[in-house]
Amino acid sequence: MFCDYRACFAHAITICVAFRLLWWWHRMIDEGIAMPASAGNRFTEALMHAHMPQKYNMAWAASAWVPEHWNNESQYAQWWRARRDDRSMDTLLHSYVVGNADVADRYRSVALLHYRCSDVPFVANPHYKVQPPQYAMWVARQLQAWNVTRVLPVLCTHHMPSRHPWSVRWAARTKCPAMLKDYLVRMRETAPKLKFLPTRCLGEKETLIAARHASATAQLMLSSFTFIAAAARPDGRFLTPSLGFSGCKPNNVSLSKSENDRLHALQRQLHWRMWVPTK
Ligand SMILES: *[C@@H]1O[C@H](CO)[C@@H](O)[C@H](O)[C@H]1NC(C)=O
Ligand SMILES: *[C@@H]1O[C@H](CO)[C@@H](O)[C@H](O)[C@H]1NC(C)=O
Ligand SMILES: *[C@@H]1O[C@H](CO)[C@@H](O)[C@H](O)[C@H]1NC(C)=O
C-alpha cells in the first residue's frame with residue numbers, strides 16, 4: 001500500500017495545521033498586529049483615563065489630541081504641555097515599548113517623516129486631510145533650521161485592510177507612494193541639504209520609538225498614531241499640520257483673518273511646532 005492509514009492521517013493533520021498557521025499569520029498582518037494599528041487611540045485613551053477620569057469617555061479620549069474637542073486652545077495647550085513635563089506620555093510609551101534602547105539608538109541621527117496614508121485619506125475623516133505642498137515645504141525649512149541632515153520617510157500603505165473595501169486598499173497601494181514622492185520633490189527643492197533615505201514601513205513599536213527619539217519628527221498627515229510619542233519629546237522637535245481649534249476643524253485652510261490670528265495664538269502656546277497656512 002502507498003501509505004498506511006495512520007501515516008496518511010498524520011500527514012493530513014500536519015498539512016491542516018500548516019495551512020491554519022499560514023492563514024493565521026496572514027490575518028495578523030491583515031489586522032494590523034504586525035503593522036501600525038490603532039496604537040495612537042489606545043495611548044490617548046489610557047492617558048485620558050488616568051488623568052481625567054471625571055471627563056473620560058472613549059470617543060472623546062481617542063480624539064483628545066485635536067483642540068476642537070477642548071473648551072479652548074489654552075486648556076488644550078496647557079494640558080498637553082503638563083503631560084510632557086510630568087513625563088506621563090513618556091512613561092506610558094516606554095511601558096509599551098520596554099526593552100528597545102538599541103532601537104532608539106538606531107534612529108537618533110535621522111529625522112522621522114511620518115506619512116499616515118492607507119485607509120485615510122481615501123475613507124472620509126475630517127481629521128485626516130491631504131496637506132498642500134506648502135506644508136511639506138515648511139517642514140523642510142524647519143528641519144534644515146534644526147540642522148537635520150538625514151530624513152527617513154515612513155509610509156505603511158496597509159492599516160487594518162480587512163476593514164476596508166478593495167478600492168480603498170488599491171488606492172492606498174498605488175496613490176500613497178506617488179503622493180509622498182511629490183512631497184519629497186518639493187522638500188528637496190526647498191531644502192537641498194536634506195538627504196532623504198529610502199522610504200520604509202516600520203513596525204508599530206519601532207515607529208513610536210523613532211518618533212520619540214529621532215533627531216526630529218514631522219507628520220505629513222495628522223496622526224494620532226505618532227502624536228503621543230512625538231508630543232512627549234522634551235526638545236519640542238515635532239512638526240504637525242494645522243490642528244484647528246474649538247469650533248474649527250483641523251486642516252481648514254480657508255479661514256477668516258480673526259480665525260487665522262487665533263490659530264497663530266494656538267501655535268505660540270504649543271510645546272511643539274504647528275503649521276499655520278498663512279502669515
Ligand atoms: C479655557 O477653559 C478653561 C477650562 O474650562 C477655563 O478655566 C479657562 O478660563 C478658559 N480660558 C479662556 C481663555 O477662555
Ligand atoms: C545649526 O548649525 C549652525 C552652524 O553650525 C549653528 O550656528 C546653529 O546654532 C545650529 N542650529 C541648531 C538649531 O542647532
Ligand atoms: C473653514 O472655515 C471657514 C471660515 O470659518 C468656514 O466658512 C468653512 O465652512 C470651513 N470649512 C470646513 C470644511 O470646515
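Above this text sits the structure in question.
All of the points below concern the structure found in this document. Worth saying up front: this structure is predicted, and the values here are computed from it rather than measured.

Parameters and conventions
- Residues numbered from 1 in each chain as written.
- Chains lettered and ligands numbered in written order.
- Predicted model: local features only at pLDDT ≥ 70, side-chain atom pairs only at ≥ 80, totals over all residues.
- Heavy atoms only, no water.
- Pairing = 2+ DSSP bridges.
- Helix = DSSP H or I, 4+ residues; strand = E, 2+ residues; numbered from the N terminus.
- Contact = heavy atoms within 4.5 Å.
- Axes fitted to C-alpha atoms, helices over the stretch in contact; angles between N-to-C directions.
- Disulfide = S-S within 2.5 Å.
- Buried < 20%, exposed > 50% of the residue type's maximum accessible area, 1.4 Å probe, protein only.
- Polar contact = N/O pair within 3.5 Å; in protein donor to acceptor, adjacent residues only side chain to side chain.
- Left-handed = near helix turned anticlockwise from the far one by under 90°.
- Nonpolar A, V, L, I, M, F, W, Y, C, P; charged D, E, K, R; others polar.
- Core = buried A, V, L, I, M, F, W, Y, C linked by side-chain atoms within 4.5 Å.
- Phe/Tyr/Trp six-rings, centres within 6.5 Å; stacked < 30°, edge-to-face > 60°.
- Lys NZ or Arg CZ within 6 Å of the ring centre and 35° of its normal.

A few points about the sheet that holds strand S6 (residues 273-274)
Move 1: An order of S3-S2-S1-S4-S5-S6 is seen for the six strands of this open sheet, with the pairing classed as parallel. Here the strands that pair on one side only, and so sit at the sheet edges, are strand S3 (195-196) and S6.
Move 2: The sheet contact formed by strand S5 (residues 238-240) and S6 spans two bridges and is parallel. The residue of S6 that forms the bridge with leucine 239 is arginine 273.
Move 3: Strand contacts of helix H8 (residues 166-190): strand S1 (110-115), strand S2 (150-155) and S3, with the helix running at about 135° to S1, the strand carrying the most contacts.

Considering the state of the cysteines
What we call a disulfide is simply a covalent bond connecting the sulfur atoms of a pair of cysteines.
Move 1: Applying the stated rule across the entire model yields two disulfides.
Move 2: One disulfide in the model links cysteine 117 with cysteine 176; its S-S distance is 2.1 Å. Where cysteine 117 bonds to cysteine 176 through sulfur, the torsion about that S-S bond is close to -80°, and the disulfide is left-handed. Placement of the pair is cysteine 117 in the loop between S1 and helix H7 (133-145) and cysteine 176 in helix H8, with a sequence separation of 59 residues.

Section: the side chain of arginine 116
Move 1: You can see arginine 116 is positioned in the loop between S1 and H7.
Move 2: Under the relative-accessibility criterion, arginine 116 is labelled buried at 12%.
Move 3: Side chain to side chain, arginine 116 and serine 118 meet in a polar contact 3.3 Å long.

As for the packing of helix H5 (residues 88-96) against helix H9 (residues 204-213)
Move 1: Relative to each other, H5 and H9 sit at 145°, their axes nearing to 10 Å. At the point where H5 passes H9, the crossing takes the left-handed sense. Across from Asp90, Leu93, His94 and Tyr96 in H5, the residues of H9 making contact are Glu204, Lys205, Leu208, Arg212 and His213.
Move 2: Within the contact of H5 with H9, the residues separate by chemical class into three nonpolar, two polar and four charged.

Re the nonpolar core
Move 1: Among the nonpolar cores identified, the biggest contains 82 residues, and Trp80 and Leu143 are the most heavily contacted of them.
Move 2: With seven residues, the single largest contributor to this core is H8.

Notes on the packing of aromatic side chains
Move 1: Tallied over the full model, the rule gives 13 aromatic pairs.
Move 2: With a centroid separation of 5.0 Å and an interplanar angle of 85°, the aromatic rings of tryptophan 80 and phenylalanine 227 are classed as edge-to-face. Linking tryptophan 80 in helix H4 (residues 73-85) with phenylalanine 227 in helix H10 (residues 224-231), this pair joins segments that are 147 residues apart in sequence. The residues tryptophan 80 and phenylalanine 227 share a single accessibility class, namely buried.
Move 3: An aromatic cluster of three or more residues is present, and its members are Trp65, Trp70, Tyr76, Trp79, Trp80, Tyr128, Phe227, Phe238 and Trp272.
Move 4: In this arrangement the basic side chain of arginine 83 is found over the ring face of tryptophan 79, its NZ or CZ atom lying 4.8 Å from the centre.
Move 5: For arginine 116, the ring lying beneath its charged end belongs to tyrosine 128, and the centroid distance is 5.0 Å.

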